[in-house]
Amino acid sequence: MTEPLVSVIVPTRNNRRTIEACLRSVKAQDHPHVELIVVDNHSTDGTDEIARALADVVITGGPERSAQRNRGIRAAEGVWILWLDSDMYLPPDAVSAAVRTAATTGATGVALPERTIGQGFWTACRALERECYLDAPWLHNPRLLRRSDMVADGFHESMSGPEDADLRFRIRQAGGTVELAPVIVDHDEGRLTLRDIWQKRYYYGLSLPTLVEQHDGAMADQGAGVLRAYARNWRRLLGRPGHALGMAGMRAMEAAGYLWGARAGRRQVQV
């Protein structure tokens, strides 16, 4: 039986540091039929040139990641679509394992667990945090779905950051399921700084009012799920007390960033 075509969609903007390794990891997949689509948001650092040398299709478009993914979905020819950020690297069996997981479980979507790689103390704190989620399937957002399930609705384009969680909530509200593929994706976050972390969470927080409006009680459920993951991994956290304390401080700062961004987002809506 012929293996289905999988379209891998990579939105990007000015990510020359990691884009080549990301795309090469897609090209190295052991799944025999993979289409690689890059949607570049007007990069000025040569990211688009690297993409044109490696991808099957390169589209220029924006303004944000949700819209870029939707552009890629519309252009895709695969039965399945898989979206990947341009600072992520797939193991060679990621696509085949994801398709196999969907086929054997009947899941609506398949998630690919991540681990953080990079340099510096705060990156190590992020890596410890992500390790706590590897055995917490309830926290993982899908990365592989059938294209036919995504063409009509796609990603919520008024969200930048929470759109993955929004998709997970929509799937579950419709009675669908999300399963984990038995692979781990490397997420190259470089050398994180507290400023980087704050700015990203503030930016994501701008979309939180829209997410809360769409999914009543979602944030409380998400917070409870995160705490449950930490409780299950208390031995892991105690084994690295310095990074665990840093992680706690980082998470507190992120929560403040989300709330500050959400406050600004509500003001924007009111205006």
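- Under an unreviewed UniProt entry, the name given to the chain is 4,4'-diaponeurosporenoate glycosyltransferase, and the organism recorded is Aeromicrobium senzhongii.
- Taken verbatim from the UniProt record of the chain, the Sequence similarities (unreviewed entry) comment is "Belongs to the glycosyltransferase 2 family. CrtQ subfamily."
- The annotation that UniProt attaches to the chain under Subcellular location (unreviewed entry) is "Cell membrane".

Thoughts on the sheet that holds strand β2 (residues 34–40)
No. 1: Taken together, 7 strands build an open sheet; the order of strands is β3-β2-β1-β4-β8-β6-β9 and the sheet is mixed. Only two strands of the sheet have a single partner each, and these edge strands are β3 (57–60) and β9 (178–180). Within the sheet, the average angular offset between the axes of one strand and its neighbour, ignoring direction, is 25°.
No. 2: Relative to strand β8 (residues 144–146), strand β4 (residues 80–83) runs antiparallel, the two being bridged by 3 bridges. Note on β8: the bridge partner recorded for Leu 82 is Leu 144.
No. 3: The strands touched by helix α2 (residues 47–54) are β1 (6–12), β2 and β3; relative to β2, the strand with the most contacts, the crossing angle is about 165°.
No. 4: Across the face of the sheet, helix α4 (residues 94–105) comes into contact with β1, β2, β4, β6 (109–111), β8 and β9 while running at roughly 130° to β4.

A closer look at the pairing of strand β10 (residues 185–191)
No. 1: Here β10 lies mainly inside the structure; 6 of its 7 residues are buried.
No. 2: Across 2 bridges, the pairing between strand β5 (residues 88–89) and β10 is antiparallel. Note on β10: the bridge partner recorded for Tyr 89 is Asp 186.
No. 3: Strand direction decides the pairing type here: strand β7 (residues 114–119) and β10, joined by 6 bridges, are parallel.

Calculation rules
- Residues numbered from 1 in each chain as written.
- Predicted model: local features only at pLDDT ≥ 70, side-chain atom pairs only at ≥ 80, totals over all residues.
- Heavy atoms only, no water.
- UniProt positions renumbered as here; feature names shortened; annotations may be inferred.
- Pairing = 2+ DSSP bridges.
- Helix = DSSP H or I, 4+ residues; strand = E, 2+ residues; numbered from the N terminus.
- Axes fitted to C-alpha atoms, helices over the stretch in contact; angles between N-to-C directions.
- Contact = heavy atoms within 4.5 Å.
- Buried < 20%, exposed > 50% of the residue type's maximum accessible area, 1.4 Å probe, protein only.

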